Amino acid sequence: MNTDKSKLSEVEHIKEKSNYLRGTLKESLLEDTTGALLGDDTALIKFHGTYQQTDRDLDAERKKQKLEPLYSFMIRVRVPGGVASPSQYLNIDRLSDQLANGTIKVTTRQAFQLHGVLKRNLKTTMKKINNYLMDSIAACGDVNRNVMCNPNPYESPLHQQVYEMAKLMSKHFLPRTNGYYEVWLNDDLQYSSPKEEEEPIYGKTYLPRKFKIAFAIPPYNDTDIFSNDLGLVAIEEEGKLLGFNVYAGGGMGMTFGMAETYPRLASFIGFTTAEKALSVAEEIIKIQRDNGNRENRKLSRLKYTVDRMGVDSFKAELHKRLGWELQPEKPYTFKQMGDRYGWVQGANGRWSITLFIEGGRIRDTENFKLKTALKEAVQILDGDVRLTPNQNIMLANISNDAKPFVEGILKKYNVYHSASTSGLRLNSLACAALPLCPLAFAEAERYLPSLVTKIEVILNDRGLQNEEISIRMTGCPNGCARPYLGEIGLVGRAPGKYNLYLGASFTGNRLNRLYKEMIDETAILSELQKLFSLYANERAEGEKFGDFVVRKGIV
Amino acid sequence: MSVSPPLSPDSYRERGAGGEALNLYKMDNLKKLFPITPEQQELAQKVITNFQENELLWFSGYLAGYVSGSRKEPQNHVNGTKPEVQETLAAKVHLNGNGHLNGEEKKQLTILYGTHTGNSRKVAGLLQQKASEKGIKTVLADMNDYNPKNLKNESHLAVIVSTHGDGEPPLAAEEFHNFIHSNRAPKLENLSYSVLALGDKSYAQFCKTGQDIDQKLSSLGGKRLTDRHDCDVEFLPVAETWVDALLRNFNGVAAPEVKPLNGAEVKPAAVTYSKANPFEAEILEKIKLNGKGSAKETYHFEISLQGSGLTYKPGDALGVVPVNSDPLVDSLLSLTGFSGDETVNINSENISLRNSLKEHFEIGILSRDTIEKHNQYVKSEDLTAMLADVTQLTRFTYGADVYDLLKAYPYPYSPQEFIGILRKLQPRLYSISSAFEAYPEEVHVTATALRYTYCDRSKDGTCSGFLADSSKVGDKIKVFIEANESFRLPEDAAAPVIMIGPGTGVAPFRAFAQHRAETGSQGKNWLFFGDQHFTTDFLYQSEWLDYKKKGLLSKLSVAFSRDQRKKYYVQHKLKEQSAEVVKWIDEGAFIYVCGEMKHMAKDVLNTFVEIVAEQKQLSPEQAREFVQHLRKSRRYREDVY
């Protein structure tokens, strides 16, 4: 896309003059009279995997108190494929207590998030994260983000190959700038920073917008493959990885009042063998680099580029750049997108257990010591910790010997999966939203649990408590919890007011549609009561709620 | 080699490193430094030719002080009497170096005052006025500007000095006090003198500085013109008695009474509000400045002055008349077995005991005089011993109140007897945190609630508790303005200012900043602030950031003590900025320190000495001398408590 420089969005100019993402971050960190960054650094620091936020609960009060807003930083720790070692988990746990707000958020993209890190602690925190052989570079910003992969080792041999591919891509698409190392690790000599100071893939101004890659291993679509800029569905033949069906142009975000913005499922582009998958991904990224909209950031995701070019032209461009053509789609089937809770034995005979983490928030409350429970369990873990794309935690690859001990700890703290948790709650997702996210219009993570409790009463009355129904809530339309792929989607419009979306498929291949606009809790509950009554009485055998409302023409 | 601080902002800018300081006084350098005529230059040269090094030092400090604005302070003095000390002293020093004007035979009374709040200066002005009415020639001098070596040349001396904190001399009297207690102190057999000591009976070491000076002058051979008088907070009546006694005994000759001109009818002025007649001011706004989760409780008050006619200057304080809290009064009543409805007589007025305890007497603190009076009833050996031992007394009274005294040493008082032992309730002074130019009908103060536990009883500061707990928006509280001439912005609006004000010490600097913003002052400003935690205790943070953005604050330096393992205070921040601090001093910066006295102000002062020593490569003694001269020349001012 040719662009007149004067029309470029503000962020493009910031990137251009940032000297490969350095900006004035060093000065910003040293300035001790404000908890905020200076000027453009607020935009730049996202490339380093952290966002500046304020405690919005306190904004008005602090303004009156003649204090600046309570600035803090969210650090997103990349965990490619969602696999962390026990020591990495325990270090994140400790960091959250020492330098953040005492909680860990497991994101919908298999990352850890630390919240409430004060500016003066930012550098120390970043260093420690790197000490634990993790990092946050490119966890946010206009680059490729954390690469997602199905975390379930049930199909172990295939999973291992796909996971290796995810790690390879994650590494390959990292920014090459030394800026990150200079800003955060400069006085730590054990790190030798990458040598070259150029960005062979991205160029000086990086991508027009964030870029998301995910892998799925059928029949599980837990990574919500079609919501990604680039989705790769593993195709196997007798336990051996053949290659990937490639899908491009998915994305959730939209802007209210801008009809030209919309959520979109990724389009099929072609099948590639595993060996060539990396170059396919790179060329797709480069097409977006060269063609994405750099004037209006609301229209700059790959999905708009694909639609503007047309899927066929996009494919043609890709084939031209590759010098060869991808193959037709290989058949596969998705059964579900959510996680499977409880114990599973892998092909290697070792055990894994997926634990439901409501809202992805690991914290201790007075009555529920989830954080302590996980810490104690991980301390004796002889396997690893996996972050699922649905904000849950899997303790994986546990030996027969260790299994009863892990189970004992989980039972002691009552975090062991219990049958009394409703199918709705187990399939709920919520973004962080208030009080820290600057984009939120309404509550999500803090509110969804109580709303679900109220919906559960309706479900219980109709015998639907065990029915798996996905419900996803976000505080704004940008879609961090992929709300447009929920059978029930609730997207915040204003405090206490949501748009209600219905009718996505349970397998993640159909978006939902707007059902009611700007409704409050009372209206949400009365609508759902009506719909669940209908569903309880008139559903076909095995028919999912999302499919039912579509068949009935409700949406 | 000696070093002196620069003389004034303008004259100093081209000055080189400190090591060349003495050359300053040589002709060639003077030419470069002073925008003055050759005649003036010659005169100046003549004046200082025969000066000893220490005299030069004193003179340089004197000049800096003269330039900095202390010369124009008619308002400092009662009835607007213009101080003649500078001129006279300068003449003394340069004319013959031994303290007597040439050809001067007539006896003169030197009036020396050492003040912190300005009260001693008021009395000094009163004495000067009354003396001149009697035809007595006087020289009025601030101890800060007085060379104590001249003491040996004085024949008649009146000393008016306050006591600061726990028996310490006010900053301005420090050097004088130290000198007469040193072995350099001369014999003073020809001296007739008298001391008026100002103090506050609520402190154990009541009037200590005045007592020290009185005793020392006597042991040096001085004879008392009249006995020392000790004044409590209500100093004026005692001061007047002392003034009259002193003048009666002056030279044993009562000068003829001089009748005031025109019969001196005192015109009844329009109502003026003062300490004696406080203004009932409405609270317009009350904001807790500490953010959620803070251990501190600091309040910002906006108080209406509408209709009062009161004005104030940056540096002034607001007097607030507190009211004792109901719980405190109740606990005292229940301890003494009174209902509170008993009638007591105060100033020939009958009021209930409860009201008298609420509004008329100090019950939230325990002062020496209350213990003394109580002991006249209980006649306790303990208390008698304690009253004779300041250390013991201080330990007993620290944190204690009247309840604690009566609990430990009960006595079956009648209501009237009971209030008889109590000390009159005093107003508390708060540095004003607004500038009149910015808020002509308001005054702002910043107050931290003092809360502590003593013998299992939780206690609140008398006035800070009153403000924090009992005062709300719309209430009226009694206030007055208390001038503080020793803490003024430099007269030269272009002079740089370094302000060091941790905690509520930042209050006057908010007034300074507002004043400089409103008046468009061009001088650079640098604020050092500190407190416990950055996120919750950065008082007025958004205003400071705004001033920084707009350029009024050239620099803003902060230190938060509890945000890291190691305690980190303003003086540490100051030290980190050594080079820049000295650069500012060399540019003629005025330094202001406000806040806690015992630790902070002391540490800050020592840090300045360290900084000067390090940056100017001076010995510790030279650096101390340098900083001492900044203080004497009023380029380093403190408002500490």
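Reading the values: the criteria
Residues numbered from 1 in each chain as written. Chains lettered and ligands numbered in written order. Predicted model: local features only at pLDDT ≥ 70, side-chain atom pairs only at ≥ 80, totals over all residues. Helix = DSSP H or I, 4+ residues; strand = E, 2+ residues; numbered from the N terminus. Rg over C-alpha atoms; globule rule 2.2 N^0.38 Å. Buried ≥ 20, exposed ≤ 12 C-beta atoms within 10 Å, placed from the backbone. Contact = placed C-beta atoms within 7 Å. pLDDT = per-residue confidence, 0-100. Axes fitted to C-alpha atoms, helices over the stretch in contact; angles between N-to-C directions. Parallel < 35°, antiparallel > 145°, perpendicular 65-115°, else oblique. Left-handed = near helix turned anticlockwise from the far one by under 90°. Nonpolar A, V, L, I, M, F, W, Y, C, P; charged D, E, K, R; others polar. Pairing = 2+ DSSP bridges. Core = buried A, V, L, I, M, F, W, Y, C linked by C-beta atoms within 7 Å.

(A) Representation of the overall build of chain A within the structure. A count of helical and extended segments in chain A gives 17 helices and 19 strands. For chain A, whose C-alpha radius of gyration is 23 Å, the value lies close to the compact-globule estimate of 24 Å for 555 residues. Taken over 555 residues, chain A has a buried fraction of 52%. Here the analysis covers contacts within chain A between residues at least 6 apart in sequence; of these, 66% occur between residues at least 24 apart.

(B) How the structure looks around the overall build of chain B. On a plain count of helices and strands, chain B comes out with 24 helices and 23 strands. A buried classification covers 46% of the 641 residues belonging to chain B. The long-range fraction of contacts in chain B, counting pairs at least 24 apart against all pairs at least 6 apart in sequence, stands at 76%.

(C) Representation of unusual backbone geometry in the model. Residue and element names in this part refer to chain A. Residue Pro219 is bonded to the preceding Pro218 through a cis peptide linkage, with omega at 15 degrees. Looking at where Pro219 falls in the secondary structure, it is placed in the loop between β6 (213-216) and β7 (230-237). Note that the residue after Leu434, namely Pro435, is joined by a cis bond; omega there is 10 degrees. Within the secondary structure, Pro435 is located in the loop between β15 (428-430) and α15 (448-461). With a phi close to 65 degrees, Ala138 is a non-glycine residue in the positive phi region. Mapped onto the fold, Ala138 is located in the loop between α6 (119-131) and α7 (156-172). The phi angle at Asn414 is positive, at roughly 65 degrees, despite the residue not being glycine. Checked against the element boundaries, Asn414 lands in the loop between α13 (403-412) and α14 (423-426).

(D) Representation of the interface of chain B and chain A within the structure. Between chain B and chain A, the residue contacts involve 15 residues of the former and 14 residues of the latter. Secondary-structure elements contributing two or more residues to the side of chain B that touches chain A are β7 (279-288), α20 (541-550) and β21 (555-560) of chain B. The element best represented in the side of chain B that touches chain A is α20 of chain B, accounting for four residues.

(E) Spatial organisation of the confidence of the model for chain B. All names here are of chain B. Averaged over all residues, the pLDDT of chain B equals 83, while 80% of them reach at least 70. The low-confidence segment residues 68-104 (pLDDT under 50) makes 60 contacts with residues lying over four places distant or belonging to another chain. For residues 253-269, every residue scores under 50 in pLDDT, and the model assigns this stretch eight contacts once sequence neighbours within four places are set aside. For this predicted complex, the interface score ipTM comes out at 0.88, while the overall pTM is 0.80.

(F) Molecular detail of the packing of helix α23 (residues 597-616) of chain B against helix α24 (residues 620-632) of chain B. All names here are of chain B. The N-to-C vectors of α23 and α24 enclose an angle of 120 degrees; their axes lie 8 Å apart at closest approach. As the angle between them shows, α23 and α24 are arranged oblique. Here α23 runs over α24; the crossing is right-handed. Mapping the contact onto sequence places Leu605, Phe608, Val609, Val612 and Ala613 in α23 and Pro620, Ala623, Arg624, Phe626 and Val627 in α24. When its residues are assigned to classes, the contact of α23 with α24 shows nine nonpolar, no polar and one charged.

(G) Summary view of the pairing of β6 of chain A. All names here are of chain A. Across the two faces of β6 the burial is the same, with Ile213 and Phe215 and Ala214 and Ala216 all buried. Relative to β7, β6 runs parallel, the two being bridged by four bridges. Paired with Ile213 across the bridge in β7 is Leu230.

(H) Examining the nonpolar core more closely. If you look at the biggest cluster of nonpolar residues, it comprises 152 residues, and the most contacted ones within it are Val162, Phe215, Ala234 and Leu395 of chain A. Aside from chain neighbours lying at most four places away, what touches Phe215 of chain A is Met148, Cys149, Asn150, Val162, Met165, Ala166, Thr223, Leu232 and Ala234 of chain A. Phe487, Ala511, Ala513 and Ala601 of chain B belong to the second largest nonpolar core, which has 81 residues in total.

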